[in-house]
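Chain and residue survey
What follows is the residue order along each chain.
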Amino acid sequence: MTVTSPPAPAPAPAALPAALPPLAARARTVGGSPVREILAVTARPEVINFAGGLPAPELFDREGIAAAFRTVLEETPERALQYSTTEGEPVLRQGLAARLRAQGLPTDPDDLLITTGSQQALSLLASALIDPGDTVLVESPCYLAALQVFGLAGARVLPVPCDDDGVDPAALAELIRAERPKLLYLVPTFQNPTGRTMPAARRAAVASAAARHGLWIVEDDPYGELRYDGDRVPWIASFPGAEDRTVLLGSFSKVMAPGLRLGWLRAPGAVRRACAVAKQAADLHTPTVNQLAAARYLDVLDTHVAKVRAVYGERRDAMLAGLADALPAGSAWNRPEGGMFLWARLPESYDTTALLRRVVEQNVAYVPGEPFYAADPDRSTLRLCFVTQTPEEIGEGLRRLAKGLADGLDG
């Protein structure tokens, strides 16, 4: 008698994997940087790129910076290659404090926190100051990476009406009374994107409003040393009423090299300590060797910046000289006293976002104005960076821009 085993049961169908939890709401609702996306599209070498806010690479002091790194690595390698304190290397904070004091702002090294670029300083401040749903006031238009930071923090971002001198003090006071904001974010000197500078009287009015109504001011100053004409305007942080409520941000990216990723914030003690805790959670500290090399380079920074200013001033003038022929009749633009950007407004019939594709076909690029607005964008505006190209390249780029705008409107 033969005994056979029963047939094996059929295998159960494989269970489908469960869906993963969604991304955080803030990651789903805040988009990427339009400027970064434009730069990715226009990275071809034949494109004359007025879109980026990139310092001119040929002006980097390669030898001076290399010498600073060599000295640091030869003289103090154990320190340079080791972990550092979250607040930053004392020698760099001492040098920075001395520079700020020389420009009229009383500052001790302990008032400063070194950050991995001033963009990190903005993120740390958002962590330290903003709860989801808090109201933040910004300029109109505004530095778009700040809009990203505040959006990721869950803030309610409201624009303050502006004119050629920056935020309107009366409109600011009314918004403060009506909306009870937690902070006001400003780039008062050579603003990104407009290039405008807030005059001293307007800064005093902003400081007074913050003091009367209880408001933090975040004063972002990445471009202040790039002045080509006119007189320096004091920081808002130096005006009466603003001393205990202003956070001043600065950066070495535009005057030394952005690849070093070195920035700083000067803040009242409680805010600075909260930012230090947030930085510990983010990256522990800014790279030690970069800080020590920058501290060494401070000795020659003013000489280098003077050379950069001379070149950038010529490039600004070259762009200004060619705009009348490049932009359509009825356009308007400003004449920035410094910085990196020029702001233009075309006639109302022009949509600079829609026109960009046709302009890029001419191997030139700009940034449409639309993404710089927290609300109600002016679609006829655009930002042009004038520092990255030579005057000859600027002239050719403006000729291409004129053709692209004309072709785009006809199309």
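Quick note: structure is the one above.
Residues numbered from 1 in each chain as written. Predicted model: local features only at pLDDT ≥ 70, side-chain atom pairs only at ≥ 80, totals over all residues. Heavy atoms only, no water.

1. A look at the state of the cysteines
Within the structure shown, the criterion is met by zero disulfides. No disulfide involves Cys 142; its nearest neighbouring cysteine sulfur is the one of Cys 162, lying 9.1 Å away. Cys 142 gets classed as buried once you look at its relative accessible area, which sits at 0%. In this structure Cys 162 comes out as partly exposed when scored by relative accessible area, which is 24%. (Disulfide = S-S within 2.5 Å. Buried < 20%, exposed > 50% of the residue type's maximum accessible area, 1.4 Å probe, protein only.)

2. Digging into unusual backbone geometry
Cis geometry is found at the peptide bond from Ser 140 to Pro 141, where omega equals 0°. Tracing the chain through its elements places Pro 141 in the loop between strand 3 (135-139) and helix 7 (144-152). Backbone torsion omega between Asn 192 and Pro 193 reads 20°, so that peptide bond is classified as cis. When you line up the elements, Pro 193 lands in the loop between strand 7 (183-186) and helix 9 (200-213). Positive phi outside glycine occurs at Arg 180, with the angle close to 50°. Tracing the backbone through its elements, the reader meets Arg 180 in the loop between helix 8 (169-179) and strand 7. With relative accessibility at 60%, the residue Arg 180 sits in the exposed group. With phi around 70°, Leu 284 is a residue other than glycine that occupies positive phi space. (Helix = DSSP H or I, 4+ residues; strand = E, 2+ residues; numbered from the N terminus.)

3. Digging into the packing of aromatic side chains
Enumeration according to the criterion identifies five aromatic pairs in this entry. Ring centres 5.7 Å apart and planes at 70° place the aromatic pair Phe 150 and Tyr 185 in the edge-to-face group. Note that Phe 150 is positioned in helix 7 and Tyr 185 in strand 7, a separation of 35 residues in sequence. Both residues of the pair, Phe 150 and Tyr 185, belong to the buried class. Each ring, one from Trp 343 and one from Phe 372, has its centre 6.0 Å from the other, and the planes form 85°; the classification is edge-to-face. Of this pair, Trp 343 sits in strand 12 (residues 341-345) while Phe 372 sits in the loop between strand 14 (367-368) and strand 15 (381-385), placing them 29 residues apart in sequence. Comparing Trp 343 with Phe 372, the two get one shared label, buried. The aromatic ring of Trp 235 is capped on one face by Arg 232, whose charged end is 4.4 Å from the ring centroid. (Phe/Tyr/Trp six-rings, centres within 6.5 Å; stacked < 30°, edge-to-face > 60°. Lys NZ or Arg CZ within 6 Å of the ring centre and 35° of its normal.)

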